[in-house]
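Residues per chain are reported as follows:
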Amino acid sequence: KQEVTQIPAALSVPEGENLVLNCSFTDSAIYNLQWFRQDPGKGLTSLLLIQSSQREQTSGRLNASLDKSSGRSTLYIAASQPGDSATYLCAVDSWGKLQFGAGTQVVVTP
Amino acid sequence: DAGVTQSPTHLIKTRGQQVTLRCSPKSGHDTVSWYQQALGQGPQFIFQYYEEEERQRGNFPDRFSGHQFPNYSSELNVNALLLGDSALYLCASSLWDRGYTDTQYFGPGTRLTVL
């Protein structure tokens, strides 16, 4: 049974610092892995999607890596801003069924 | 291009009642998946519809049922509501490809409160 874990559960950093968010999963038989952002009470915004054959994806200040063999993914956010404050969720796609971690709540202080 | 839309935005029901939530997929998508997100947790997969049939189901009781219409829109029905059904219900749409679904795009969700 696939289990997805995100560490830490919460993180507070001063503006300008780089953010490192971790995601681990127990079953390496995945189709892809996605990182989402969720603002309080809102839906999910897709940030990056990494196909199972890829090692990393980049979009602006965001970079996500994937190591299937060790069951890990890391989301890096460079030069954090107060607008980056949100909950970040990772999800592994097991053939159309997304399984999510509980998320990392991030606060970036000015 | 309209994204995924859901209605209503918020809903308040009492225990034992029944509720119907609605979802319209992103233009060009043919698959709809439903997720339940309790406060402070990640979303949990309920089920997925393609070609008006339930293709996959998560670990949810039969009180949770769904339907997909010919225009690909979908409904989620929950019978005999329990307090524990209070959650944000998220709909995601995608394109069926080679036997499974591609990238899922999420709607804003429906907040259900059961009193």
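I will try to describe carefully the structure that is included in this document. (Residues numbered from 1 in each chain as written. Chains lettered and ligands numbered in written order. Predicted model: local features only at pLDDT ≥ 70, side-chain atom pairs only at ≥ 80, totals over all residues. Heavy atoms only, no water.)

**Re the interface of chain B and chain A**
- Listed per partner, the contact involves 21 residues of chain B and 18 residues of chain A.
- In total, about 1500 Å² of surface goes out of reach between chain B and chain A, with carbon and sulfur atoms giving 54% of it.
- Inspection of the chain B/chain A interface yields zero salt bridges.
- For the pair chain B and chain A, the number of links is three residue pairs in polar contact (both at pLDDT 80 or more).
- Where the side of chain B that touches chain A is concerned, the elements lending two or more residues are strand S4 (31–37), strand S5 (44–50), strand S9 (87–94) and strand S11 (100–101) of chain B.
- Classifying every residue of the side of chain B that touches chain A by side-chain character gives eight nonpolar, ten polar and three charged. (Contact = heavy atoms within 4.5 Å. Buried area = accessible area lost by both parts, 1.4 Å probe. Salt bridge = Lys/Arg side-chain N within 4 Å of Asp/Glu carboxyl O. Polar contact = N/O pair within 3.5 Å; in protein donor to acceptor, adjacent residues only side chain to side chain. Helix = DSSP H or I, 4+ residues; strand = E, 2+ residues; numbered from the N terminus. Nonpolar A, V, L, I, M, F, W, Y, C, P; charged D, E, K, R; others polar.)

**Some words on the environment of Gln51 of chain A**
Residues and elements named next belong to chain A.
- By secondary structure assignment, the location of Gln51 is in strand S5 (residues 44–51).
- Residue class for Gln51 comes out partly exposed when judged on its relative accessible area of 27%.
- As for Gln51 and Thr109, which are separated by 58 residues in sequence, their C-alpha atoms are 33 Å apart.
- Sequence-distant contacts of Gln51, defined by excluding residues within four places in its chain, comprise Tyr31, Asn32 and Leu66. (Buried < 20%, exposed > 50% of the residue type's maximum accessible area, 1.4 Å probe, protein only.)

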